[in-house]
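Close look at the chain arrangement
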Amino acid sequence: MPGCPILTYHSQLLFGNDYRNNSHVGLAADLEVIAASGRQIIGLRELVASLRGARDLPLDELVCITFDDGPDFDWLDIEHPEHGPQPSFATLLRRHAAAHPGQRPICATSFVIADAGARHEISTQAMGREWMNDHWWREAAASGLLQIDSHGLDHRHPCLAPGDADWGHFHAIADEVSCAQQVDAANSIIAERSGQPPRIFAYPYGQASEYLRSEYLPRHGQRLGLEAAVSIEPGHFHWDSDPWFLPRYVSLAHWHSPEELASLLRG
Ligand SMILES: [Zn+2]
């Protein structure tokens, strides 16, 4: 079935300088594949707004780009201690827009983790550095280039509760209290620090309990200003997609080369 693919990248995937071990090299190459495909890049919020509105977008001519976890390299160029200078995802998007004038204004979504203490632990334990800050969220959100949306409160990251089997996945978020923590509290923090309330929720690990996706979000989404939630179930976005469990493709999981992406974009 035709439709609009939603692609996902992780800017912390940075273990060398090749397509398969550096998501910045990957995104730069993939942006060229997208340009050659004839599809234009549309912001996820605009796509979701159309799902709930006029449904008049040409889905077969579009593609969405999203970034998960919100490391600093979504927005900030860095000098990586082992792998040298790395242009941020935002820099790659700007370069691409400059090289391909006449396209829609380019826009991607960063799904960020709300809680500063959780980000500190995840970043220092998983990356060995303080690389998940929030000081860039406001500038990014105001830029029009990156939309800042929610990836929950703390990602239920296993480093925050070592040995606890209820962490390291998102299935345990299945009652009103834990959903309110992960969704409502995260929204308030992100709205305060980015200057704009989140409109889309990205399930950590792409996982959602039946209660969260089928009861909590449909019931409370509107009050919270949320319009959709995204999974990592591979598939194209269609007008009949479940707004609370939209499909996404993940780089280096669902495609592994520019050629595989080209084929995915052809549908
Ligand atoms: Zn994540």
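Along each chain, the written sequence defines residue order, and numbers are assigned to residues from 1. Predicted model: local features are reported for residues with pLDDT of at least 70 only, side-chain atom pairs are reported and counted for 80 or more only, and whole-chain, interface and lining totals are derived from all residues. Neither water nor hydrogens contribute to the side-chain values; these are computed over all heavy atoms in the structure.

So, on to the packing of helix α6 (residues 176–194) against helix α7 (residues 210–224). For any two helices packed against each other, the geometry is given by the interaxial angle and the distance between the axes. Here α6 crosses α7 at 40°, and the two axes come no closer than 11 Å. With respect to α7, the element α6 is oriented oblique. As for the relative orientation of α6 and α7, their crossing is right-handed in sense. Together, Glu176, Cys179, Ala180, Val183, Asp184 and Asn187 of α6 and Tyr211, Leu212, Tyr216, Leu217, His220, Arg223 and Leu224 of α7 make up the contact between the two elements. The axes are straight lines fitted to the C-alpha atoms, using for helices just the contacting stretch, and the angles between their N-to-C directions are given from 0 to 180°. Every helix listed is a DSSP run of H or I at least four residues long, and every strand listed is a run of E at least two residues long, numbered separately from the N terminus. When describing relative orientation, an angle under 35 degrees is termed roughly parallel and one over 145 degrees roughly antiparallel, while 65 to 115 degrees is termed roughly perpendicular and anything else oblique. A crossing counts as left-handed when the near helix is turned anticlockwise from the far one by less than a right angle, and as right-handed when that turn is clockwise. Only heavy atoms matter for contacts: two residues are in contact if any of them lie within 4.5 Å across the pair.

The next thing to look at is the coordination of the zinc ion. With distances of 2.1 Å, the protein atoms coordinating the zinc ion are Asp69 (OD), His151 (NE2) and His155 (NE2). Metal donors: N, O and S atoms at distances within 2.8 Å, or within 3.2 Å for Na, K and Ca, with water omitted from the atom set so that some sites may seem incomplete. Summarised as a motif, the one-chain spacing of the donors to the zinc ion is D-x81-H-x3-H. Of this pair, Asp69 sits in strand β3 (residues 62–69) while His155 sits in the loop between β7 (146–150) and α6; the two residues are 86 residues apart in sequence, bridging distant segments of the chain. With a relative accessible area of 11%, Asp69 lands in the buried category. Take His155: its relative accessible area is 9%, and that puts it in the buried class. Each residue is assigned to one of three classes by its accessible area relative to the maximum for its type, calculated with a 1.4 Å probe on protein chains only: buried under 20%, partly exposed between the two thresholds, exposed over 50%.

Moving on, we get to the pattern of salt bridges. Think of a salt bridge as a Lys or Arg side-chain nitrogen and an Asp or Glu carboxyl oxygen that are within 4 Å of each other. Scanning the model with the defined rule gives 8 salt bridges in all. Salt-bridge contacts for Asp134 lead to Arg119; the nearest nitrogen and oxygen are separated by 2.9 Å. Highlighted residues: Asp134 in the loop between α4 (116–126) and α5 (137–143) and Arg119 in helix α4, separated in sequence by 15 residues. For Arg119, a relative accessible area of 3% translates into the label buried. When the shortest N-O distance is used, the salt bridge between Arg219 and Glu215 registers 3.3 Å. Of this pair, Arg219 and Glu215 are both found in helix α7, 4 residues apart, which corresponds to roughly one turn of the helix. Judged by its relative accessible area of 51%, Arg219 falls in the exposed class. Residues joined in a network through salt bridges with shared partners are Arg119, Asp134 and Arg193.

A few words now on the packing of aromatic side chains. Two rings from Phe, Tyr or Trp (for Trp, the six-membered ring) form a pair when their centres sit within 6.5 Å of each other. Planes less than 30 degrees apart are called stacked, planes more than 60 degrees apart edge-to-face, and all others tilted. Summed over the entire model, instances satisfying the criterion amount to 10 aromatic pairs. With a centroid separation of 6.2 Å and an interplanar angle of 45°, the aromatic rings of Tyr211 and Tyr216 are classed as tilted. Classification of Tyr211 as buried rests on a relative accessible area of 16%. Whether a charge lies above a ring is judged from NZ of Lys or CZ of Arg, which has to be within 6 Å of the ring centre and within 35 degrees of the ring normal. Lying over the aromatic face of Trp75, Arg94 brings its terminal NZ or CZ to 5.1 Å of the ring centre. Directly above the ring of Phe245 sits Arg213, whose terminal nitrogen or CZ lies 3.9 Å from the centroid.

The next point concerns the pairing of β3. Among the 8 residues that make up β3, 8 are buried, leaving the element largely enclosed by the rest of the structure. Pairing between two strands requires that DSSP report at least two bridges joining them. Judged from the 4 bridges that link them, strand β1 (residues 6–9) and β3 form a sheet pairing that is parallel. Each residue of the ladder has a partner; that of Ile6, found in β3, is Cys64. Bridging between strand β2 (residues 40–41) and β3 involves 2 bridges; their strand directions are parallel. If you follow Gln40 over to β3, its bridge partner there is Leu62. When β3 meets strand β6 (residues 108–112), the two strands line up parallel, connected through 4 bridges. Paired with Thr66 across the strands is Thr109, a residue of β6.

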